[in-house]
Amino acid sequence: MPRMLILDGNSLINRAFYALPPLTSNEGLPTNAVHGFLTMLFRLQKEQKPDYWVVAFDKTKATVRIEQFAGYKAHRKETPETLRPQFNYLKEILRVMAVPILELEGYEADDIIATVNDLAIAQQIEVLIFTGDRDALQLISPHSSVLLTMKGISEVECYNEQRLEERYLLKPAQIIDLKGLMGDVSDNIPGIPGVGEKTALKLLHEYGSVENVLQNKDEVKGNKLKELLNQYADQALLSKKLAAMIHDVPVAFSLDDLRWAEPDKDACKKILHGYSLYKVASLFEQSLAAVTGPEQIIEKGKKQKASGAEIIDTIQQEKNMDGEGWLELLNTWLEQKPVLALSYRFEGRNIHQGLWTEMGICDEHYTYSLNRYAAAPSVLRLWEEILADDGVRKVVADSKGVYSLLLNENKTFAGVDLDLSLAAYLLNPNRSNYSASELLGDYVTDLFSNTPAREAALLRKLAASYMEKLAEDDLEKLLHEVEEPLSLILARMEKTGIALDKAKLQEYGQELEVKIGRLESEIYNLAGENFNINSPQQLGRILFESLGLPPLKKTKTGYSTDAETLEELRTEHAVVEKLLEYRQLVKLNSTYVKGLLAQCCDGKIHTTFQQTVTATGRLSSTEPNLQNIPIRLEEGRRLRKVFQATQEDWLLLSADYSQIELRILAHYSKDPILCESFLVGEDVHRRTAAEVFGVALNEVNSDMRRKAKAVNFGLMYGLTDFGLARDLTISRKEAKYYISQYFERYNGVHRYLEEAVTEAKEKGEVRTLLNRLRKIPELSHPNRMTRQFGERIAKNTPIQGTAADIMKIAMIKVAEAIEGLQAEILLQVHDELVVQVEPSALPKVAAIVKKEMEQAFPISVPLLVDCKVGSNWYDMVPYQVDALLF
DNA sequence: GGAGTCACG
DNA sequence: ACGTACGTGACTCCG
């Protein structure tokens, strides 16, 4: 008898989404649900080898059922942002894989499944329905069974008539009666309030159907229940109706459309790899082999052995432990100080408010799982002692995360032996994800049993190969002496946070909103109509169509309306100026006032410093980003008034490197003029102006200096005449002239930049002073534009990256030197450190900070740090460090 | 989710 | 003839 597999697309993708950690493709697209769905699909295909198959999806803008009952599914939770796009990815992939999809406007997957099921049965086809939704049990028949996902998606349970009878003592047709009585919160089917599964089953066992229950309601035991049945009789009948699937969906397909068809293997592989779904791709090949012939299975088996399969076989077995066993084990660890691999899970909104829930731990013999809620207090205390013990070395992915969670409970963490996330980042800073599950992606063949214990065992395995790779690329020192120690400092900075004056911020927000409101009406007046100013598309139509302004620049999608374009149109129409001001204020209000208030709990802000994001080695800051708080324009700069020390009456000390990138360029290039500028401590931009314009230092005017500054600035980015011209609003020819003059005078810089590119092309990579690596595949790309981009990266990365290296070293030294003093580092903004300090400790702390930063990593020109002090991040005044304390 | 815009170093 | 300076993150609109 031929077999058909019907999958409930919506139900299964939802299951997969909530069951799996948030995986992403290399491009950062969320793919966990797609991954989970396809894994289930191919497993099932391999097992069942169906002759027909189909995936049904909801398409419910206006469901037929809405007409019946307005509340139906009205309260369903909105699809999460990271799930929504995955429907389209999945459908796209299914199409390439020649898996039939059925959906019809106005109907749910359920209804389509019921319809297809009927048709298949009529054609003597055996049906297996795969879903997470118990509703489907109503479709069970002698020829149809239902495969239900149980916990998560790892376990499934197969229901046929017999099993349904065993489990519920019900016939398939009674499933809708069951729902009619007990309702279903997720589908917003009301049922009878107060009647749950137990009562509903009891009633059905006795009376068989909702109708019959209602007919005999007077003899039902229990006054309360009788009353409920009386009161909600109609609602129960309606609920039963809602629970019944529609069997006659007018969806157009023939049985032949659903017949299994061999897909284009290469196209499938390509699209799966496009979404970074490597595991699924290999599963796909296996399942294909399973259906297309035995020869290929053997072929496949060989290949499998050669890849990750062996490693899986050799990882430590998981060992179950009782309380006694734990105590004994932990004491042994405390004594013998083994290396432990760790993996963790946590609960809570985010890492700053979270608690770890489970840890997977792997020593050289076994792997274990420790659950905080299952473990005895004495076991937890001992485990915390081990976490804090520097002698017990740990292999982890994301040590900052572990430390953050422990800090939430005022516990500590030490003994990081190897942070695999940081290691992977140093080996290749271009990846998008360095989570444990991602790093293990190469090894994990069975994602569903990816427990913390298993993860820990695999991390331990991974550590060995990473050590080798780190040694090969000469990155061990940078990892162990810079990144790993820094991660713990970052965790403490995040935990400390920075205080926010909420009231003042709200006040500022109201002030902004008044101004924004005024500007809004002025803009509508000047434009002659109302529109959404925040929509670049609508704004473009107003400016360049209604008002007839000249469109100077285009974007991919239409007119450009950015600040640069508007600036040029300023004199053309009065509305332009208002728009610029409007944009500025809206930005301040939505990103900073609203954004910061939303992140502010307990009067403090805790950012997250990302240590594995940038390709150059810089940190980044998220949720909220505290590295881009306005400063350039006064309007925005005022925001800085609300940032204060977390300790009452303490001061903020800001220490920033002066011209660090130019100094690094001087070091690299050994250019005599540039080096001299820094050695004698003159104004570099003024000197550059003198050289480029061929005048004496005292003849340099402010315009000349401004231009020279732009050149110096541009150098670090791989300057072009076009870019310089645009920045200075001068002709390209003029820009070109300045650049040639510059390189003539600063020929050391010129030579260095050329050599940097040549060497990068040879090696395909660049390095910073501390050996940080960045591969630049763009350098050998066929497209000229891309290649030139690679060249600019080759010029910029050693400079930006070295600055980042030096700052990281400085942070480690500063943190160590101020330990025990009344001071804490709060923020890092690339070339600036913000420290909070008790006023009387200021002279000493400022001297330490300045010294440690300036001497963090000596290069051939001096590094200079300027200090400023204030009670908030706005009112900062220069602070002269006492030379004697230095 | 992608595009556009704009905040920072 | 083409497109154009490096590195980030957040918010908004829109399909």
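How each quantity is defined
- Residues numbered from 1 in each chain as written.
- Chains lettered and ligands numbered in written order.
- Predicted model: local features only at pLDDT ≥ 70, side-chain atom pairs only at ≥ 80, totals over all residues.
- Heavy atoms only, no water.
- Phe/Tyr/Trp six-rings, centres within 6.5 Å; stacked < 30°, edge-to-face > 60°.
- Helix = DSSP H or I, 4+ residues; strand = E, 2+ residues; numbered from the N terminus.
- Buried < 20%, exposed > 50% of the residue type's maximum accessible area, 1.4 Å probe, protein only.
- Near = heavy atom within 4 Å.
- Polar contact = N/O pair within 3.5 Å; in protein donor to acceptor, adjacent residues only side chain to side chain.
- Nonpolar A, V, L, I, M, F, W, Y, C, P; charged D, E, K, R; others polar.
- Core = buried A, V, L, I, M, F, W, Y, C linked by side-chain atoms within 4.5 Å.
- Contact = heavy atoms within 4.5 Å.
- Expected span 1.5 Å × (residues − 1).
- Pairing = 2+ DSSP bridges.
- Right-handed = clockwise from strand over helix to strand, strands pointing away.
- Axes fitted to C-alpha atoms, helices over the stretch in contact; angles between N-to-C directions.
- Parallel < 35°, antiparallel > 145°, perpendicular 65-115°, else oblique.
- Left-handed = near helix turned anticlockwise from the far one by under 90°.
- Salt bridge = Lys/Arg side-chain N within 4 Å of Asp/Glu carboxyl O.
- pLDDT = per-residue confidence, 0-100.

What is the right way to look at the packing of aromatic side chains in this model?
Aromatic ring pairs are described here by two measures, namely the spacing of the ring centres and the angle between the planes. Applying the stated criterion across every chain yields a total of 16 aromatic pairs. An angle of 75° between the planes, with centres 6.5 Å apart, marks the rings of Phe57 and Phe87 as edge-to-face. Taken as a pair, Phe57 in the loop between β2 (52-56) and α3 (64-68) and Phe87 in helix α4 (residues 84-96) lie far apart in primary sequence, 30 residues in all. Aromatic side chains Phe713 and Tyr717 sit 5.4 Å apart centroid to centroid with 70° between the ring planes, which places their arrangement in the edge-to-face category. With a relative accessible area of 48%, Phe713 lands in the partly exposed category.

Help me understand the protein's contact with DNA strand C in this model?
In the vicinity of DNA strand C there are 37 residues, among which Ser535, Ser620, Glu623, Arg726 and Arg732 approach most closely. Within the contact set of DNA strand C, a phosphate oxygen lies 2.9 Å away from a backbone nitrogen or oxygen of Ala615. Interatomic distance of 2.5 Å between a side-chain N/O atom of Arg726 and a phosphate oxygen of DNA strand C. The element best represented in the surface near DNA strand C is helix α34 (residues 784-817), accounting for seven residues. Of the residues belonging to the surface near DNA strand C, the class tally is eight nonpolar, 20 polar and nine charged.

How do you make sense of the nonpolar core when you look at a structure like this?
One recurring pattern in soluble globular proteins: nonpolar side chains tend to sit buried together. Counting 151 residues, the largest nonpolar core has Leu653, Tyr657 and Met853 as its most contacted members. Per-element accounting of this core gives the leading share, 12 residues, to helix α25 (residues 574-599). Among all residues touching Leu653, those that are not within four sequence positions of it are Leu833, Val834, Val835, Val837, Leu842, Val845, Ala846, Val849, Cys867, Lys868, Val869 and Met876. If you look at the next biggest cluster of nonpolar residues, it comprises 51 residues, including Ala114, Leu139, Ile140 and Tyr168.

Explain unusual backbone geometry to me, please; I cannot follow it from the model alone.
Following Glu623, the chain continues to Pro624 via a peptide bond in cis, the omega torsion being 0°. One can find Pro624 in the loop between β16 (620-622) and α26 (634-637). Residue Lys337 is not a glycine yet carries a positive backbone phi of 50°. Mapped onto the elements, Lys337 comes out in the loop between α15 (323-336) and β8 (339-347). The class of Lys337 is partly exposed, set by a relative accessible area of 37%. Residue Asp398 is not a glycine yet carries a positive backbone phi of 75°. Topologically, Asp398 is positioned in the loop between β11 (393-396) and α17 (399-408).

So what exactly am I meant to see when it comes to the environment of Arg583 here?
By the element assignment, Arg583 lies in helix α25. Between the C-alpha atom of Arg583 and that of Ile533, which follows or precedes it by 50 residues, the distance is 8.7 Å. When near neighbours in sequence (up to four residues on either side) are disregarded, Arg583 contacts Leu539, Thr561, Asp562, Ala563 and Leu566.

Please explain the side chain of Ser658 as it appears in this structure.
Mapped onto the secondary structure, Ser658 falls in the loop between β18 (651-657) and α27 (660-669). Judged by its relative accessible area of 17%, Ser658 falls in the buried class. Aside from chain neighbours lying at most four places away, what touches Ser658 is Arg663, Leu864 and Asp866.

Before we go on, may I ask you to explain helix α35 (residues 842-854) in this structure?
In an α-helix, one full turn covers 3.6 residues, which means residues spaced three or four apart are oriented alike. Taking 1.5 Å per residue as the helical rise, α35 with its 13 residues ought to reach 18 Å, and the 18 Å between its terminal C-alpha atoms agrees with that figure. Against β18, α34, β21 (823-828), β22 (832-837) and β23 (865-870) lie the buried residues of α35.

Whenever I open this one, the side chain of His685 confuses me. Can you help?
Topologically, His685 is positioned in helix α29 (residues 684-693). Judged by its relative accessible area of 6%, His685 falls in the buried class. A distance of 3.3 Å separates polar atoms of two side chains, one belonging to His685 and the other to Gln659. With residues up to four places along the chain from it excluded, the contact list for His685 reads Gln659, Leu662, Arg705, Ala708, Lys709 and Asn712.

Please clarify how the protein's contact with DNA strand B should be interpreted in this entry.
Close to DNA strand B lie 26 residues; Pro30, Tyr89, Lys587, Ile631 and Asp831 are nearest. Atoms of DNA strand B within 4 Å of the protein belong to the sugar or the phosphate in 80% of instances, the rest to bases. One of the side-chain nitrogen or oxygen atoms of Asn628 is found 2.9 Å away from a base nitrogen of DNA strand B. Of all elements in the fold, only α4 and α25 reach the threshold of two or more residues within the surface near DNA strand B. It is α25 that contributes the most residues to the surface near DNA strand B, three residues altogether.

Looking at this structure, I do not really get the sheet that holds strand β17 (residues 643-644). What am I missing?
Strands in a sheet are paired, the pairing made by backbone hydrogen bonds, and the direction either parallel or antiparallel. With antiparallel pairing, the three strands of this open sheet are ordered in space as β14-β13-β17. Two strands bound the open sheet, and with one partner strand each, they are β14 (604-605) and β17. Of the pairings in the sheet, the one linking strand β13 (residues 498-500) to β14 comprises two bridges and is antiparallel in character. Opposite Ala499, over in β14, you have Lys604 as the bridge partner.

Before we go on, may I ask you to explain the pairing of β11 in this structure?
Pairing of β8 with β11 involves three bridges; the strand directions are parallel. Bridging across to β11, Val339 finds its partner in Arg393. Both β11 and strand β12 (residues 416-419) contribute to a ladder of three bridges, which runs parallel. By the bridge assignment, Lys394 is partnered in β12 with Val416. Handedness of the crossover joining β11 and β12 through α17 is recorded here as right-handed.

Any chance you could explain the sheet that holds β21 here in plain terms?
Spatially, the five strands line up as an open sheet ordered β21-β22-β18-β23-β24, and their pairing is antiparallel. Looking at strand neighbours, the two that pair on one side only are β21 and β24 (877-878), the edges of this open sheet. In this structure, β21 lies alongside β22, joined through five bridges in antiparallel fashion. By the bridge assignment for β22, Gln828 is matched with Leu833. On top of the sheet, α35 reaches β18, β21, β22 and β23; it is set at about 20° to β18, its chief contact.

I would appreciate a short explanation of the packing of α15 against helix α16 (residues 377-388) in the present structure.
How two helices pack is summed up by the angle between their axes together with the distance between the axes. Interhelical geometry of α15 versus α16 gives an angle of 20° and a closest axis separation of 10 Å. Taken together, the axis directions place α15 and α16 in an arrangement best described as roughly parallel. Note that α15 runs across α16; the crossing there is left-handed. Contacts from Gly323, Trp326, Leu327, Leu330, Asn331, Trp333 and Leu334 of α15 reach α16 at Ser378, Val379, Leu382, Trp383, Glu385 and Ile386. For the contact of α15 with α16, the class distribution of residues is nine nonpolar, three polar and one charged.

What's the story with the pattern of salt bridges in this structure? I'm lost.
Two side chains with opposite charge may pair up if their charged atoms get near one another. Enumeration according to the criterion identifies 43 salt bridges in this entry. Across the pair Arg259 and Asp256 runs a salt bridge, and its minimum N-O distance is 3.1 Å. You can call Asp256 exposed: its relative accessible area is 52%. Between Lys553 and Glu564 there is a salt bridge; the shortest N-O distance is 3.8 Å. Taken together, the positions of Lys553 in the loop between α23 (536-546) and α24 (563-569) and Glu564 in helix α24 put the pair 11 residues apart, joining distant regions of the chain. What emerges from the salt-bridge pattern is a single network uniting Glu676, Glu682, Arg687, Glu691 and Arg745.

Sorry if this is basic, but what is going on with the confidence of the model for chain A here?
Per-chain confidence: chain A averages 89 in pLDDT, with 93% of residues scoring 70 or above. Note that residues 293-313 has pLDDT below 50 and, in this model, 14 contacts with residues that lie over four places away or in other chains.

When you look at the environment of Asp133 in this model, what are you seeing that I'm missing?
Here Asp133 shows up in the loop between β4 (126-131) and β5 (144-149). Spatially, the C-alpha atoms of Asp133 and Asp8 are 8.4 Å apart, while their sequence positions differ by 125 residues. Excluding residues that lie within four positions of it along the chain, Asp133 makes contacts with Asp8, Ser11, Asp110 and Leu148. A distance of 3.0 Å separates a polar side-chain atom of Asp133 from the backbone nitrogen of Asp135.

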